[in-house]
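Architecture and fold: a report
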Amino acid sequence: MASNKRKPLFAGNWKMNHVPREAAAVAGAVLAGIGDRDDVQAVLAPTFVSIPAVVEVLRGSPVSVAGQNCHWESSGAFTGEVTAEMLKAAGCSHVILGHSERRQFFGETDETVKWRFAAAHRAGLSPIVCVGETLAEREARRTLDVIERQLLFALSAANREQALRTVIAYEPVWAIGTGKVATPGQAQEAHAFLRKLLANRFDEAVAAQVRILYGGSVKPDNIAELMAQPDIDGALIGGASLKPESFLGIVQNGRRA
Ligand code: PGA
């Protein structure tokens, strides 16, 4: 499948790091480094309280802002939660959903990811839906079953238009924050499989357009071989996105040949 029609997307997931002042400084440096390049799309996901500071710095620029999660309701008595509409109103265009840390530490399930997915689209946000197997699941040869279940569940109520505005991130849990990156072959196998699921669930055109990012210990020195794979369209980057130099190094080295 021709991969070069999909614009590479590099998303920095800052997790629980960077107070507003630091976040604004990193966003400013990223913006300066990206300049007016339009061959890649960059997205930064600050912690909720730092979103306004980052939006301010990036206003009118090609670098977009994402929330790291959202609730499925549009208002109500849900102490500590943030709605998709709030993220949109604060200036976000994207929201990360179903990150493995949310699933592991905060009890998120396939079902709530599906509800959050609907909420994101209702608010006009593009979800970045994360799927990925644990080490035990990979060793039990259940990788493809797990990511199939996660993807199809999240998209089970989605229509074609929503699918086209969705980004998928394949993040093997054993590779997140561990320094252990999936081999390009392991990642490509998962990405090709996810793309085939999109073709079966929707159609070939959807499968050809949706970006599938790889995530898990992406660094400036391993992104090129990942991006050389036909079905890898960019990366969701945790640790290496915290400093502008390494995020920009990934964007630079991840350029399509
Ligand atoms: P990492 O995190 O790059 O630090 O492995 C990736 C992620 O959690 O999205």
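These lines cover the structure that appears in this document, whether it is placed above or below. No experiment lies behind these values; they were computed from the predicted model shown. By convention here, each chain's residues receive numbers from 1 onward along its written sequence. Local features in a predicted model are, by the rule used here, given only for residues with pLDDT of at least 70; side-chain atom pairs are given and counted only at 80 or more, and totals for whole chains, interfaces and linings are based on all residues. Hydrogens and water molecules were not included; the side-chain quantities draw on all heavy atoms of the structure.

**Focus: the sheet that holds strand β8 (residues 234-237)**
An order of β1-β2-β3-β4-β5-β6-β7-β8 is seen for the eight strands of this closed barrel, with the pairing classed as parallel. Averaged over neighbouring strand pairs, the angle between their axes works out to 25° when direction is ignored. Any two strands are treated as partners once DSSP identifies two or more bridges connecting them. Segments assigned H or I by DSSP are reported as helices when at least four residues long, segments assigned E as strands when at least two residues long, and all are numbered from the N terminus. Sheet analysis places strand β1 (residues 9-13) next to β8, joined by four bridges and oriented parallel. For L9, the partnering residue across the bridge sits in β8 and is G234. Throughout, a contact is declared for two residues whenever any of their heavy atoms are within 4.5 Å. In this analysis, axes come from line fits to C-alpha atoms, helices being fitted only over the stretch in contact, and the angle between any two N-to-C directions falls in the range 0 to 180 degrees. In the packing of helix α9 (residues 184-201) onto the sheet, contacts are made with β5 (126-131), β6 (167-170) and β7 (212-215), and the angle to β7 comes to roughly 150°.

**Remarks on the site of the ligand**
In this text, near means that some heavy atom of the residue lies within 4 Å of the molecule or strand in question. As a structural note, the neighbourhood of the ligand is formed by 13 residues, with K15, H99, E171, G177 and S217 the closest of them. Note that an oxygen atom of the ligand is positioned 2.6 Å from one of the side-chain N or O atoms of H99. N or O atoms closer than or at 3.5 Å make up a polar contact, with two conditions inside protein: a donor-capable atom paired with an acceptor-capable one, and, for residues adjacent in sequence, both atoms drawn from side chains. In the environment of the ligand, an oxygen atom lies 2.6 Å from a nitrogen or oxygen atom belonging to the side chain of E171. Accessible areas in this description were obtained via Shrake-Rupley with a 1.4 Å probe; residue shielding takes into account the shown protein chains only. Protein coverage of the free-state accessible area of the ligand, which is 280 Å², stands at 96%. Amino acids outside the nonpolar list (Ala, Val, Leu, Ile, Met, Phe, Trp, Tyr, Cys, Pro) and the charged list (Asp, Glu, Lys, Arg) are all regarded as polar, and Gly is one of them. Looking at the shell around the ligand, its residues break down into four nonpolar, seven polar and two charged.

**Description of the environment of Q186**
Along the polypeptide, Q186 turns up in helix α9. Judged by relative accessible area, which is 25%, Q186 ranks as partly exposed. Spatially, the C-alpha atoms of Q186 and V40 are 24 Å apart, while their sequence positions differ by 146 residues. Within the structure, the side chain of Q186 is placed 2.9 Å from the backbone nitrogen of T183, a separation counted as a polar contact. Using a 1.4 Å probe on the protein chains alone, a residue whose accessible area is under 20% of its type maximum counts as buried, one over 50% counts as exposed, and one in between counts as partly exposed.

**Here's the deal with the pairing of strand β4 (residues 94-97)**
Side chains H94 and I96 of β4 all project onto a buried face; the interleaved residues V95 and L97 project onto the opposite face, where all are buried too. Pairing of strand β3 (residues 64-67) with β4 involves two bridges; the strand directions are parallel. Looking across to β4, one finds that G67 is bridged to V95. Bridging between β4 and β5 involves four bridges; their strand directions are parallel. Across the sheet, residue H94 finds its bridge partner in β5, namely S126.

**A look at the nonpolar core**
Side-chain atoms within 4.5 Å are what join buried Ala, Val, Leu, Ile, Met, Phe, Trp, Tyr and Cys residues into a set we call a nonpolar core. With 67 residues, the main nonpolar core has F10, L194, L198 and Y214 as its most contacted residues. The biggest single contributor to this core is α9, with seven residues. The next biggest cluster of nonpolar side chains, apart from the first, holds twelve residues, and it includes A11, I128, C130 and A169.

**So, helix α7 (residues 143-154)**
Expected helix span is given by 1.5 Å per residue-to-residue step, counting one fewer step than there are residues. Taking 1.5 Å of rise per residue, the twelve residues of α7 would be expected to cover 16 Å, and the 17 Å separating its terminal C-alpha atoms lies within 8% of that figure. Residues of α7 that are buried: T143, V146, I147, Q150, L151 and A154. Projected onto a plane normal to the axis of α7, the buried residues spread over an arc of 120° and lie on a single side. Looking at the buried side of α7, the elements it contacts are α4 (100-105), α5 (110-123), β5, α6 (135-139), β6 and α9. What the arc describes is the spread of directions from the helix axis to the C-beta atoms.

**Description of the packing of aromatic side chains**
Between the rings of Phe, Tyr and Trp (Trp by its six-membered ring), a pair exists once the centres lie within 6.5 Å; its type follows the angle of the planes, with under 30 degrees stacked, over 60 edge-to-face, and the other angles tilted. Applying the stated criterion across every chain yields a total of three aromatic pairs. Ring geometry for F105 against F106: centres 6.5 Å apart, planes inclined by 90°, an arrangement best described as edge-to-face. Its relative accessible area of 56% is what places F105 among the exposed residues. Centroid distance Y170 to Y214: 6.3 Å. Interplanar angle 55°. Geometry classified as tilted. You can see Y170 sitting in strand β6 and its partner Y214 sitting in strand β7, a full 44 residues away along the chain. Judged by its relative accessible area of 0%, Y170 is buried. Directly above the ring of F106 sits R102, whose terminal nitrogen or CZ lies 4.1 Å from the centroid. For a Lys NZ or an Arg CZ to count as sitting over a ring, it must be within 6 Å of the ring centre and within 35 degrees of the ring normal.

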